[in-house]
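What follows is the residue order along each chain.
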Amino acid sequence: MKILVAVKRVIDFNVKVRVKADRSGVETANVKMSMNPFDEIAVEEAVRLKEKGVAAEVIAVSMGPQSCQETIRTALALGADRGIHVNTDIELQPLAVAKLLASIIKREQPSLAILGKQAIDDDCNQTGQMLAGLLGWAQGTFISKLAIEGAEAEITREVDGGLEVLRLNLPAVLTTDLRLNEPRYATLPNIMKAKKKPIETLSPADLGVDASPRLSTLKVDEPPKRQGGKMVQSTAELVEKLRSEAKVI
Amino acid sequence: MGVLVLGEHDNNSLKPATLNTVTAACAISPDVTLLIAGSGCRAAAEAAAKIVGIARVLLADAAHLAHGLPENLAAVIAKLAPGFSHVLAPATTFGKNVTPRAAALLDTAQVSDVIAIESPDTFVRPIYAGNARATVKSAEAIKFLTVRATAFAAAAAVGGQAPIEVVGDTVDLGLTRFMRQELSKSERPELTAARIVISGGRGMQSGENFKLIEQLADKLGAAVGASRAAVDAGFVPNDYQVGQTGKIVAPDLYVAVGISGAIQHLAGMKDSKVIVAINKDGEAPIFQIADYGLVGDLFKALPEFIAELDKPR
Ligand SMILES: Cc1cc2nc3c(=O)[nH]c(=O)nc-3n(C[C@H](O)[C@H](O)[C@H](O)COP(=O)(O)OP(=O)(O)OC[C@H]3O[C@@H](n4cnc5c(N)ncnc54)[C@H](O)[C@@H]3O)c2cc1C
Ligand SMILES: Cc1cc2nc3c(=O)[nH]c(=O)nc-3n(C[C@H](O)[C@H](O)[C@H](O)COP(=O)(O)OP(=O)(O)OC[C@H]3O[C@@H](n4cnc5c(N)ncnc54)[C@H](O)[C@@H]3O)c2cc1C
């Protein structure tokens, strides 16, 4: 079977983002970019299924400007077989990403699409669910375990109360949680090999999708700052302060 | 055109986040309908009918709606939604799972994790782990939102008496089967609704040592939380995780013990009213946002803290 993974290029999780002075967004110039950590987990899971002989091919898809090709190369170095880049400078929102993915899926006919549960920049946590809805497929979100058994996938989901186990008909859309696996590092030979793997470039028009945004951002600003930094010298002082100053216990 | 709220419940009672979502809905329109979907969930619908501010309750009760399976539930919402201007759900794992699917079925964008309602079409939401806030305007005919519970007060759970209407004709798509769930059982308050939260991090060193956190929590009637590092290390179950990718909490008092204060952790707790940090490293970033910081070894500080609470005042 084929597996499609979606990989988003985002500001690295270690970067402390800054809001632009004109409040139009956050500063992205000269900022380190990486693959969304949840998407590394998605690639890892797909590659493991290939190594186990469950999957025959892993296709990595990224959408956005030309620089997304680097993110696809990273996925190829981690073991994906080929890439698809939907090249666009439009601000892509989750519904548009889901429509573009759905269109690619109709051409490629994978049995599984694996996405991250959320992108750590916009934190929307929507794309996988929307994709499953558009395709009419089963969805397994926030998963921490996956087993493919014939025409079904058994998944464990991380939910607010604990864990939930479901069986999904294939084809299905899955979204990864942090504890699904620990992604490998790309080795130098694999990085070299990845340079020779094919990346197809498409436009939203090639895929017959109107990707224009539905939501407009009026402004981006900073949340109110906390005034922290006060220290206490002992637990006795702490308890006293919590009782008489903060009045929370 | 009123607002439809997707209620979260366990068939018998409502989950607390439902009440916060109702408050957000009332900020948009006085005409709020609450949908209770499930299997054998009439008791939850009756509880919903008592919430102050609800105009009517829709009850969709069918075997294939058990366990909130998103495929069948999204279809119900998508069928009802065209009668409303907005569809709101709590931004819990339940709401996050089903709402985007329902929105996509209607070719509609969703605004996730709303923390303020500026007007019926303009909403504020956190981005980049809460390091920035975006004010977003939606031109969609039906506006789908998930609502961050900690940003809205809870609506009064009793006092109303809304009529309950039954929604029939729901379908089983047969895409998914529920196998089992492993829910953490605890006598303590729920993490996201607790007035006090005591969280432990990697500094706790083991699950066994979390007993110290639990003792302190029980003294204060608090819930127990954790950092991702503590969950990944297996000290505590996944549903204890506080942060960007775990639960968002905003209690009156948050005590972070052996937690360094990574931005992903802060994203889940920095709206707490009072923050206490206990850490042996005086340079730990958690101290920058703590109202009261104590530099010291937690294995000494926690027993002292507990003993201090026991002293007669
Ligand atoms: C200039 C600019 C302005 C923006 N303004 C806004 C705004 O106002 N509102 C807003 O909501 N967003 C805005 N975005 C962000 C962009 O729209 C997001 O890519 C989109 O919202 C998706 O949200 P998400 O990644 O948080 O989705 P999620 O649903 O959190 O993403 C989940 C998963 O979907 C997949 N995925 C998502 N995007 C891609 C992609 N491009 N390629 C491949 N896979 C992908 C990944 O597997 C990811 O893990 C802006 C982006 C730019 C460049
Ligand atoms: C995509 C992504 C998502 C993430 N999501 C989350 C999330 O939702 N929630 C979350 O918490 N993290 C999240 N993280 C992880 C986050 O970046 C940090 O790695 C994590 O929060 C660190 O946990 P910690 O503070 O317990 O551990 P550490 O950073 O290792 O800190 C341990 C602290 O304990 C102190 N300590 C040790 N021993 C003692 C002692 N005896 N007495 C007192 N103090 C002691 C140390 O001084 C140190 O400050 C995420 C990361 C990524 C990449």
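Procedures and definitions
Residues numbered from 1 in each chain as written. Chains lettered and ligands numbered in written order. Predicted model: local features only at pLDDT ≥ 70, side-chain atom pairs only at ≥ 80, totals over all residues. Heavy atoms only, no water. Helix = DSSP H or I, 4+ residues; strand = E, 2+ residues; numbered from the N terminus. Rg over C-alpha atoms; globule rule 2.2 N^0.38 Å. Contact = heavy atoms within 4.5 Å. Areas by Shrake-Rupley, 256 points an atom, 1.4 Å probe, with all protein chains shown as cover. Lys, Arg positive; Asp, Glu negative; His and termini not counted. Charge placed at Lys NZ, Arg CZ, Asp CG, Glu CD. Near = heavy atom within 4 Å. Polar contact = N/O pair within 3.5 Å; in protein donor to acceptor, adjacent residues only side chain to side chain. Salt bridge = Lys/Arg side-chain N within 4 Å of Asp/Glu carboxyl O. Buried area = accessible area lost by both parts, 1.4 Å probe. pLDDT = per-residue confidence, 0-100. Pairing = 2+ DSSP bridges. Axes fitted to C-alpha atoms, helices over the stretch in contact; angles between N-to-C directions. Buried < 20%, exposed > 50% of the residue type's maximum accessible area, 1.4 Å probe, protein only.

## Quick notes on the overall build of chain B
Then, number 1: When its secondary structure is counted, chain B shows nine helices and 16 strands.
Then, number 2: Its C-alpha radius of gyration of 21 Å places chain B within 12% of the 20 Å reference for a compact globule of 313 residues.
Then, number 3: Along the first, second and third principal axes, the C-alpha set of chain B runs to 60 × 40 × 40 Å.
Then, number 4: Across chain B, every contact between residues at least 6 apart in sequence was considered, and the portion connecting residues at least 24 apart equals 64%.
Then, number 5: With the model as given, the accessible surface of chain B reaches about 11,900 Å², and the carbon-plus-sulfur share is 51%.
Then, number 6: Distance between charge centres in chain B, computed from 28 positive and 31 negative side chains, equals 1 Å.

## A look at the site of ligand 2
Then, number 1: What surrounds ligand 2 is a group of 29 residues, the closest being R202, S227, T245, S260 and N279 of chain B.
Then, number 2: Each of chains A and B places residues near ligand 2.
Then, number 3: Between ligand 2 and H265 of chain B, the relevant distance is 2.8 Å, taken from an oxygen atom to a side-chain nitrogen or oxygen of the residue.
Then, number 4: Measuring from an oxygen atom of ligand 2, one finds a side-chain N or O atom of N279 of chain B at 2.7 Å.
Then, number 5: Surface burial for ligand 2 is 86%, taken as the share of its 990 Å² of free accessible area covered by protein chains.
Then, number 6: Of all the secondary structure elements, the ones that give two or more residues to the shell around ligand 2 are helix 6 (228-232), helix 7 (263-266) and helix 9 (298-310) of chain B.

## Description of the pattern of salt bridges
Then, number 1: Counted by the stated rule, this structure contains 42 salt bridges over all chains.
Then, number 2: K2 of chain A is the salt-bridge partner of E108 of chain A, the closest N and O atoms lying 3.0 Å from each other. Taken together, the residues E108 of chain A in helix 3 (residues 94-108) and K2 of chain A in strand 1 (residues 2-6) connect sequence positions 106 residues apart.
Then, number 3: Of the charged contacts, one joins K219 of chain B and D310 of chain B as a salt bridge, the two residues approaching to 3.4 Å between their closest N and O atoms.

## What about the interface of chain B and chain A?
It is common to give the size of an interface as the accessible area that goes away when the parts come together.
Then, number 1: Every contact between the two is made by 85 residues of chain B and, on the other side, 78 residues of chain A.
Then, number 2: Three residues, Y128, R133 and Y292 of chain B, lead the burial of chain B against chain A; their summed loss comes to 11% of the area buried on that side.
Then, number 3: Summed over the shared surface of chain B and chain A, the result is eight salt bridges.
Then, number 4: Its salt-bridge partner being R226 of chain A, residue D291 of chain B comes within 2.7 Å of it at the nearest N-O pair.
Then, number 5: The interface formed by chain B and chain A contains 51 residue pairs in polar contact (both at pLDDT 80 or more).

## A closer look at the confidence of the model for chain B
Then, number 1: Of the residues in chain B, 100% have a pLDDT of 70 or more, and the chain-wide mean is 96.
Then, number 2: Scored by ipTM, the complex comes to 0.94, with pTM at 0.92.

## Some thoughts on the sheet that holds strand 9 (residues 143-147) of chain B
Residues and elements named next belong to chain B.
Then, number 1: The seven strands lie next to each other as 5-9-4-1-2-3-10, forming an open sheet whose pairing is parallel. In the strand order of this sheet, the two ends are held by strand 5 (110-114) and strand 10 (164-166), each with one partner. Recorded for the sheet is a direction-independent mean angle of 25° between the axes of neighbouring strands.
Then, number 2: As paired strands, strand 1 (residues 2-6) and strand 4 (residues 84-90) are joined by four bridges and run parallel to one another.

## Brief notes about the environment of L146 of chain A
All names here are of chain A.
Then, number 1: Looking at where L146 falls in the secondary structure, it is placed in strand 7 (residues 138-149).
Then, number 2: L146 sits in the buried class, given a relative accessible area of 12%.
Then, number 3: Residues L146 and L180, 34 residues apart in the sequence, show an inter-C-alpha distance of 7.9 Å.
Then, number 4: With sequence-adjacent residues up to four places away left out, L146 is seen in contact with E45, L49, A153, E154, I155, L174 and L180.

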